[in-house]
Amino acid sequence: MGYSSLANYKCITPHKWVGRAGYKISAICIHHMAGNLSVMQCGKVFLNNDVSAHYGIDNNGNIGVYVDENDSSWSMGSRVWNRKVVSIELANCTGSPTWKVADKVIERCIDLVVDIAYRNGWTYVAYDGTLSGSDVITHKWVAATACAGPYMINNGKIKYIAQQADKKLKAKRAADKTKKAYTGTFPTLPARGYFKSGDGGTKGTTNVKNLQKLLNWINGGSISVDGIIGPKTINAVLIAQKILGVK
């Protein structure tokens, strides 16, 4: 499983393609909901219709996840682009014709873009207003649609999201480089030398907790130090491997 820890609502839809058919995530696409939907209402739309996005953000600042980032959403009107992007739906705070998106939603979107970019190993977020030169794009650039709406497109909001995300991502990467070298003594791991999903309990708790603490130190993250190898710990291991250059 791979999705942002910023998400506080989960409703995985069956309307998706499993995997990405060999494509890597190369862009993050901004959409609008064409309405003031909550993350729960957005999830119901994706459950009941042949359409989906990876994430949605509502006007209360909630972030919903509907498709795992390892899978392809049905959001772009293009099979190839569905394979290449992570899609984010933003709730509107006004209706037609402007379809305004509130500043709060845009700022949450920036945080989500940074998190997606960071976990996928990006070192910057580019934007030049073209498909080939931008890491943050909008649906209108790919298909015959007005999405992400006049407000987002005509007021430079896509560019703003990309530029702010780039600043925050670079700051986060710079903070990684300034971490002091680990000088503590790491306990001996179990004899088999690896953990598997679900490890923990009385035998594995101490070792797993120490692993989780080390992962938080490497990643600058905040996974729970609970002594259990769950999805978030496994995802943190994958992130640490990218940072350390382990293949």
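Please refer to the structure higher up on the page.
Residues numbered from 1 in each chain as written. Predicted model: local features only at pLDDT ≥ 70, side-chain atom pairs only at ≥ 80, totals over all residues. Heavy atoms only, no water.

## A short note on the pairing of strand 7 (residues 85-90)
- With six of six residues buried, strand 7 is to be regarded as a mostly interior element.
- Two strands pair when backbone bridges link them, and strand 3 (residues 27-32) and strand 7 are joined in this way by six bridges, in the parallel orientation. Considered in strand 7, the bridge of His32 is made with Leu90.
- Relative to strand 7, strand 4 (residues 55-57) runs parallel, the two being bridged by three bridges. Its bridge partner being in strand 7, Gly56 is matched across the sheet by Glu89. (Buried < 20%, exposed > 50% of the residue type's maximum accessible area, 1.4 Å probe, protein only. Helix = DSSP H or I, 4+ residues; strand = E, 2+ residues; numbered from the N terminus. Pairing = 2+ DSSP bridges.)

## Here's the deal with helix 5 (residues 157-177)
- Between its terminal C-alpha atoms helix 5 stretches 30 Å, which fits the 30 Å expected from 21 residues at 1.5 Å a residue.
- Within the sequence span of helix 5, burial applies to Lys157, Ile158, Ile161, Ala162, Ala165, Asp166, Leu169, Arg173 and Asp176. (Expected span 1.5 Å × (residues − 1).)

## Quick look at the environment of Asn49
- The topology assignment puts Asn49 in the loop between helix 1 (39-48) and strand 4.
- Asn49 gets classed as partly exposed once you look at its relative accessible area, which sits at 39%.
- Spatially, the C-alpha atoms of Asn49 and Pro14 are 9.9 Å apart, while their sequence positions differ by 35 residues.

## Here we look at the nonpolar core
- Counting 36 residues, the largest nonpolar core has Ile30, Ile88, Leu90 and Met152 as its most contacted members.
- Per-element tally for this core: the top contributor is helix 3 (residues 103-119), with 10 residues.
- In contact with Met152, other than residues within four places in its own chain, are Ile30, Leu90, Val101, Ile106, Lys157, Ile158 and Ile161.
- Counting residues in hydrophobic clusters, the runner-up holds nine residues, among them Cys11, Phe46, Tyr66 and Ala91. (Core = buried A, V, L, I, M, F, W, Y, C linked by side-chain atoms within 4.5 Å. Contact = heavy atoms within 4.5 Å.)

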